[in-house]
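# Close look at the chain arrangement
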Amino acid sequence: MIKESAFNFIDGKRKELIGISDKAWEYAEVGLLETKTSKLFADWIEKQGFKLERGVADMPTAFVATWNNGPGPTIGLMGELDALQGLSQKAVPYKEPIKEGAPGHGCGHNIHGTTALAAAVAMKTAMEENKIGGTVKMFGCPAEETLVGKVWLVRHNLFNGVDAALSHHPGNSNTAGTGSSNAMNSFKVHFYGRTAHSAGDPENGISALDAVELMSNGVNFMREHIIEKARVHYVTEYGGGQPNVVPAYARVWYYVRAPEREQVEPIYNWVLQIADGADKMARTTHKIEFLTGCYNDLSNKTLADIIVANMREVGAPTHDEAEIKFAKELSKSIDPTQKKEGLRKSERPGWDKLVDELFDDRILDDYRNGKVGAGSTDVSDVSWVTPTNEFSTTTCILGTPGHSWQFTAQGGMSIGHKSLIFATKTMAGTGLDLITKPKLLKEAKTEFKKQLAGRKYNSPIPLDLKPPLKQF
Ligand SMILES: [Zn+2]
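This text gives an overview of the structure that appears in the document. These figures come from a predicted structure and were not determined experimentally.

### A closer look at the sheet that holds strand E8 (residues 183-192)
With respect to topology, four strands assemble into an open sheet ordered E9-E10-E8-E11, the strand pairing being antiparallel. Each having just a single partner strand, strand E9 (231-238) and strand E11 (285-294) make up the two edges of the open sheet. For this sheet, the mean angle separating the axes of adjacent strands, direction not counted, is 15°. Of the strands in this sheet, E8, E9 and strand E10 (249-258) are in contact with helix H6 (residues 208-222), which crosses E10 at around 20°. In the packing of helix H7 (residues 261-282) onto the sheet, the strands contacted are E8, E9, E10 and E11, and the crossing angle to E8 comes to about 10°.

### A word on the coordination of the zinc ion
Ligation of the zinc ion by protein atoms is provided by Cys-107 (SG), His-109 (NE2) and His-169 (NE2), these donors lying 2.0 to 2.3 Å from the ion. Each donor residue of the zinc ion lies on one chain, and together they are spaced C-x1-H-x59-H. Residues Cys-107 and His-109 agree in their burial class; the two are buried.

### Describing the nonpolar core
Ranked by internal contacts, the top residues of the largest apolar core, which has 58 residues, are Leu-153, Phe-191 and Met-215. Here the element with the most residues in this core is H7; it accounts for eight residues. Each residue touching Leu-153, except ones within four places of it in the same chain, is listed here: Val-56, Ala-57, Met-59, Ala-62, Cys-141, Leu-158 and Phe-159. Formed by 56 residues, the second largest nonpolar core is a distinct cluster that contains Leu-81, Met-127, Ala-423 and Ala-444.

### Description of the side chain of Asn-182
Within the secondary structure, Asn-182 is located in the loop between strand E7 (180-181) and E8. Of note is the side chain of Asn-182, whose polar atom sits 2.8 Å from the backbone oxygen of Ala-374. Setting aside its immediate chain neighbours within four residues, Asn-182 contacts Lys-229, Arg-257, Ala-258, Pro-259, Cys-294, Tyr-295, Asn-296, Val-372, Gly-373, Ala-374, Gly-375 and Ser-376.

### Digging into the packing of aromatic side chains
The final tally for this structure, using the stated rule, is ten aromatic pairs. Considering the side-chain rings of Tyr-238 and Tyr-249, the 5.9 Å spacing of their centres and the 25° angle between planes classify their relative orientation as stacked. Placement of the pair is Tyr-238 in strand E9 and Tyr-249 in strand E10, with a sequence separation of eleven residues. Looking at Tyr-238, the relative accessible area reads 34%, which means it is partly exposed. Among the residues examined, Tyr-249 registers a relative accessible area of 24% and is labelled partly exposed. With centroids separated by 4.5 Å and ring planes inclined at 40°, the aromatic side chains of Tyr-295 and Tyr-457 adopt a geometry described as tilted. With a gap of 162 residues between them, Tyr-295 in the loop between E11 and helix H8 (301-314) and Tyr-457 in the segment after helix H15 (438-452) connect regions that are remote in the sequence. Under the relative-accessibility criterion, Tyr-295 is labelled buried at 4%. Since its relative accessible area comes to 16%, Tyr-457 is described here as buried. Through a chain of ring-to-ring contacts, three or more aromatic side chains come together here, namely Phe-187, Tyr-234, Tyr-254, Tyr-268 and Phe-290. Across the ring face of Trp-253, the terminal group of Lys-188 is positioned such that the distance to the ring centre comes to 4.7 Å.

### Things to note about the packing of helix H2 (residues 14-27) against helix H3 (residues 35-47)
Their axes nearest at 9 Å, the elements H2 and H3 cross at an angle of 160°. Classed by the angle they form, the pair H2 and H3 counts as roughly antiparallel. Note that H2 runs across H3; the crossing there is right-handed. Note on element contacts: H3 touches H2 through Lys-36, Thr-37, Leu-40, Phe-41 and Trp-44, opposite Glu-16, Leu-17, Ile-20, Lys-23, Ala-24 and Tyr-27. Considered class by class, the residues forming the contact of H2 with H3 number seven nonpolar, one polar and three charged.

### Concerning unusual backbone geometry
Its identity as a non-glycine residue notwithstanding, Asp-58 has a phi of 65°, on the positive side. Along the chain, Asp-58 turns up in the loop between strand E1 (51-54) and strand E2 (63-68). Unusually for a residue other than glycine, Asn-157 sits at a positive phi of about 60°. Within the fold, Asn-157 resides in the loop between helix H5 (149-155) and strand E5 (164-171). A relative accessible area of 47% means that Asn-157 is categorised as partly exposed.

### Re the sheet that holds strand E3 (residues 74-80)
Pairing between the strands of a sheet is mediated by backbone hydrogen bonds and can be parallel or antiparallel. Spatially, E1-E2-E4-E3-E5-E13-E6 is the arrangement adopted by the seven strands of the open sheet, whose pairing is mixed. Strands at the two margins of the open sheet, each flanked by one partner only, are E1 and strand E6 (175-176). Pairing between E5 and strand E13 (residues 388-394): seven bridges, direction parallel. Bridge assignment links His-168 to a residue of E13, and that residue is Phe-391. Strands E1, E2, E3 and strand E4 (135-141) of the sheet are contacted by H3, whose axis makes an angle of about 155° with E1. Across the face of the sheet, helix H4 (residues 109-129) comes into contact with E2, E3, E4, E5 and E13 while running at roughly 155° to E3.

Calculation criteria
- Residues numbered from 1 in each chain as written.
- Predicted model: local features only at pLDDT ≥ 70, side-chain atom pairs only at ≥ 80, totals over all residues.
- Heavy atoms only, no water.
- Pairing = 2+ DSSP bridges.
- Helix = DSSP H or I, 4+ residues; strand = E, 2+ residues; numbered from the N terminus.
- Axes fitted to C-alpha atoms, helices over the stretch in contact; angles between N-to-C directions.
- Contact = heavy atoms within 4.5 Å.
- Donors = N, O, S within 2.8 Å, 3.2 Å for Na, K, Ca; no water.
- Buried < 20%, exposed > 50% of the residue type's maximum accessible area, 1.4 Å probe, protein only.
- Core = buried A, V, L, I, M, F, W, Y, C linked by side-chain atoms within 4.5 Å.
- Polar contact = N/O pair within 3.5 Å; in protein donor to acceptor, adjacent residues only side chain to side chain.
- Phe/Tyr/Trp six-rings, centres within 6.5 Å; stacked < 30°, edge-to-face > 60°.
- Lys NZ or Arg CZ within 6 Å of the ring centre and 35° of its normal.
- Parallel < 35°, antiparallel > 145°, perpendicular 65-115°, else oblique.
- Left-handed = near helix turned anticlockwise from the far one by under 90°.
- Nonpolar A, V, L, I, M, F, W, Y, C, P; charged D, E, K, R; others polar.

And the structure:
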């Protein structure tokens with residue numbers, strides 16, 4: 001059996017794969033600075049016979065690994081690399097950082113990356129052994145957390161020719177996504193004024209902070225008159241040094257989100273006009289620094305069904321006594337209100353229980369309700385250029401907050417390891433289905449065309465914009 005070759009490969013390499021994931025977990029490098037992680041992944045897959053292009057799309061840590069076995073479909077597997085600031089944590093069920101304040105894998109991207117890496121090689125093994133034509137492309141995607149990596153990869157046409165793309169995200173259930181996410185723009189506004197003594201000669205001062213405050217006031221009035229589902233948030237990053245100096249410079253950082261890309265644009269343009277208005281009121285000037293933007297997700301339901309079928313075929317992992325004990329201990333640190341959040345009582349009876357079962361009915365619910373998650377992801381941009389699905393496997397207990405030390409802890413121990421192996425088999429199995437069953441791939445493509453409904457992907461980032469290689 002074709003898939004057996006892939007699954008045997010994964011079982012045979014189990015220790016090595018866990019080792020790679022744990023190494024990435026230890027490295028815990030933040031977006032666009034994932035030098036060691038990128039090298040670890042790229043070197044390994046190169047040794048397995050893939051052709052490597054490193055430093056693609058103006059990002060030193062991005063890479064594409066390609067293996068071709070003659071004519072056939074091209075399947076793209078996406079693996080993420082980046083960790084999060086301040087989430088360093090040992091693999092223990094209580095808060096204990098490895099290094100206080102250091103980054104940690106609080107979103108499980110060590111597993112995310114390793115899944116794609118290993119699934120790509122497992123697919124290659126099966127295709128070689130069974131003489132199946134086709135191409136496997138593994139994408140080393142940096143800076144997901146800052147919504148950069150895949151937006152630039154798509155901008156540089158690196159997904160051209162990919163017939164379908166798969167992504168795995170560690171989560172708290174075994175399911176494939178069919179909901180959507182918010183499209184977004186991220187940008188900073190730099191205001192410039194003129195300094196003066198705040199008490200001595202304020203009449204000579206032009207306060208850049210006034211402009212920031214007036215702008216944000218304006219935006220807060222705008223809220224009443226935009227679509228309800230839009231989300232606009234900001235932080236004042238710099239507001240001046242001390243009260244007795246009129247701030248000659250101030251800076252505010254904005255996100256504008258909405259369920260559809262075309263809904264982001266008018267709100268964004270309105271915010272820009274409000275910034276102009278703030279200049280008029282405060283007599284300042286300003287500069288817009290556009291950081292990144294992304295689309296809303298077009299999750300492919302056909303791919304979701306194939307993924308769940310593969311999950312069933314592989315069989316979701318169960319957890320032993322030590323893992324349940326770990327989970328129970330860890331759950332003490334989770335706030336009761338968080339524990340309840342998002343849980344449907346009928347499906348999820350115990351928040352302190354690990355989720356072993358497949359909750360594939362959630363897929364149907366999301367599909368029926370047209371659910372739009374409030375967050376944003378750069379997987380969405382891929383979903384506008386090729387049929388795409390991101391699925392989740394149980395890496396953490398119910399109620400675990402996203403981006404938390406609890407998440408980091410679980411991604412570095414056996415609950416995370418089991419999730420990795422399960423996800424790798426699921427991804428490889430799905431990829432092989434798409435290569436060997438043209439009818440399925442065709443269905444996914446027909447659905448994709450329907451989702452686009454004649455609309456075209458226009459990159460949200462300007463042509464000449466380089467990825468922000470320093471942190472923002
Ligand atoms: Zn993530």
